Amino acid sequence: VELAAVPTISVERMWIYTSVRKSELKLKTWLKNRGETDVKVKMAYAVSDKNGEKIAFDGDEVVIPAGDTVIVERTRKWDDPVKWSPTQPNLCDLTLSLKIDDRIVDVKKQRFGFRQIEKDGRDILLNGRKIHLLGCSMGVNRMLYPQNSGYMAYLFGECEKRGFNVVRMQNFREPPRIFWDVLDEIGYFATAESSLDDMSRKRIAYEDPRLHDNGLQ
């Protein structure tokens, strides 16, 4: 059992999409109002990396109905982002602040790498350039996989030394957040596992929207 204290007005989740071709940052945010009255909030964004703040911009004022959730989308041009790549895994933090009358009521921070992965015929492109992926499949589960960042960095670091740069998490559809964070930090790729295997105990039908939504995340 877990107990969590959450504010009446909060950022429930946030998706970050990056486009190298368009030099564009696209944000999709879910805002929740647990109160009994409608509330107007002001959104403010800031993007920073290890060297300091890169861009900052205000969002729109949004009215969140009582007891409801609204989805807000915002697109921002970013002409000179520091891109993520396996050789230079640069990461940024996006901070979203919700304000009511200049009073901050909630803050959400999320890390991301500015990159774009595309398919061109049989080729995989990273930031507009062809990249060769060589990897393996690891059949692990939560019981056997230590949720320790040091161990994970060591494991995939050893894989990199042997020429690998991507891993498929076989029968491991829901790795902990720390797993994705470590791969981002060391410049390693992963393919998210679907539920289309006979060994999974939590199979989701292909037409189930949850399968596609989870893939987008």
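Small disclaimer: the values here were computed from a predicted structure and weren't measured. (Residues numbered from 1 in each chain as written. Predicted model: local features only at pLDDT ≥ 70, side-chain atom pairs only at ≥ 80, totals over all residues. Heavy atoms only, no water.)

Asks: Which residues make up the overall build of the chain, and what are the values?
Replies: Along the chain, the regular secondary structure elements total three helices and 13 strands. Relative to its 217 residues, the chain shows a buried fraction of 38%. Counting only contacts in the chain whose residues sit at least 6 apart along the sequence, the fraction spanning at least 24 positions is 59%. Total accessible area on the chain is roughly 13,700 Å²; 47% of this is exposed by carbon and sulfur atoms. (Helix = DSSP H or I, 4+ residues; strand = E, 2+ residues; numbered from the N terminus. Buried < 20%, exposed > 50% of the residue type's maximum accessible area, 1.4 Å probe, protein only. Contact = heavy atoms within 4.5 Å. Areas by Shrake-Rupley, 256 points an atom, 1.4 Å probe, with all protein chains shown as cover.)

Asks: Let's hear about unusual backbone geometry: which residues, and what values?
Replies: Positive phi, close to 55°, is recorded for Asp-101, a residue that is not glycine. Within the element layout of this structure, Asp-101 appears in the loop between β6 (92-100) and β7 (103-112). The class for Asp-101 is exposed, based on a relative accessible area of 75%. We note that Asn-127 has phi near 55°; this positive angle belongs to a residue other than glycine. For Asn-127, the position within the fold is in the loop between β9 (123-126) and β10 (129-131). Its relative accessible area of 19% is what places Asn-127 among the buried residues.

Asks: Explain the sheet that holds β7 to me, using residue names and the numbers behind them.
Replies: In space, the four strands of this open sheet follow the order β4-β3-β6-β7, with antiparallel pairing throughout. Because the sheet does not close on itself, it has two edges, and the strands there are β4 (52-64) and β7. The average angle at which neighbouring strand axes cross in this sheet is 20°, direction not considered. Here 10 bridges tie strand β3 (residues 39-49) to β4, and the two strands are oriented antiparallel to one another. Across the sheet, the residue bridging to Val-41 is Val-62, located in β4. (Pairing = 2+ DSSP bridges. Axes fitted to C-alpha atoms, helices over the stretch in contact; angles between N-to-C directions.)

Asks: Pulling in residues and values, what's your account of helix α2 (residues 177-186)?
Replies: Given 3.6 residues to a turn, an α-helix orients residues that are three or four positions apart in the same direction. All buried positions along α2 are accounted for by Phe-179, Val-182, Leu-183 and Asp-184. At the C-terminal side of α2, Gly-187 shows a positive phi close to 80°.

Asks: So what about the packing of helix α1 (residues 149-161) against α2? Which residues, and what values?
Replies: Their axes nearest at 10 Å, the elements α1 and α2 cross at an angle of 45°. Between α1 and α2, the angle falls in the class oblique. By crossing handedness, the relation of α1 to α2 is classed as right-handed. Contacts between α1 and α2 involve Ser-149, Met-152, Ala-153, Phe-156, Gly-157 and Glu-160 from the former and Ile-178, Phe-179, Val-182, Leu-183 and Ile-186 from the latter. (Parallel < 35°, antiparallel > 145°, perpendicular 65-115°, else oblique. Left-handed = near helix turned anticlockwise from the far one by under 90°.)

Asks: Got a sec to walk through the packing of aromatic side chains? Specific residues and values, please.
Replies: Given two aromatic rings, one states the distance between the centres and the angle between the planes to describe the pair. For the structure shown, the criterion picks out eight aromatic pairs. Geometrically, the ring pair formed by Trp-15 and Tyr-17 is edge-to-face, given 6.2 Å between the ring centres and 75° between the ring planes. Relative to Trp-30, the ring of Trp-15 lies with its centre 5.1 Å away and its plane at 65°, an arrangement referred to as edge-to-face. With a gap of 15 residues between them, Trp-15 in strand β1 (residues 9-19) and Trp-30 in strand β2 (residues 24-33) connect regions that are remote in the sequence. Looking at Trp-15, the relative accessible area reads 11%, which means it is buried. The exposure class of Trp-30 is buried, given its relative accessible area of 10%. Above the plane of the ring of Trp-30 lies Arg-13, whose end atom (NZ or CZ) is 4.0 Å from the centre. (Phe/Tyr/Trp six-rings, centres within 6.5 Å; stacked < 30°, edge-to-face > 60°. Lys NZ or Arg CZ within 6 Å of the ring centre and 35° of its normal.)

Asks: So what's going on with the sheet that holds β9? Residues and values would help.
Replies: A sheet is described by the order of its strands in space; here three strands give the open sequence β8-β9-β10, paired in antiparallel fashion. Taken across any chain shown, the strands that pair with only one partner, and hence form the sheet edges, are β8 (117-120) and β10. Looking at each pair of strands side by side, their axes are set apart by 45° on average, direction ignored. In the sheet, β9 pairs with β10 via three bridges, with the strands oriented antiparallel. For Ile-124, the partnering residue across the bridge sits in β10 and is Ile-131.

Asks: Quick one: what's the story with the environment of Asp-58, residue by residue and with numbers?
Replies: With respect to the secondary-structure elements, Asp-58 resides in strand β4. When the C-alpha positions of Asp-58 and Lys-42 are compared, they lie 7.9 Å apart, and in sequence the two are 16 residues distant. Those residues in contact with Asp-58 that sit more than four places away from it in its chain are Lys-42, Met-43, Ala-44, Tyr-45 and Arg-74.

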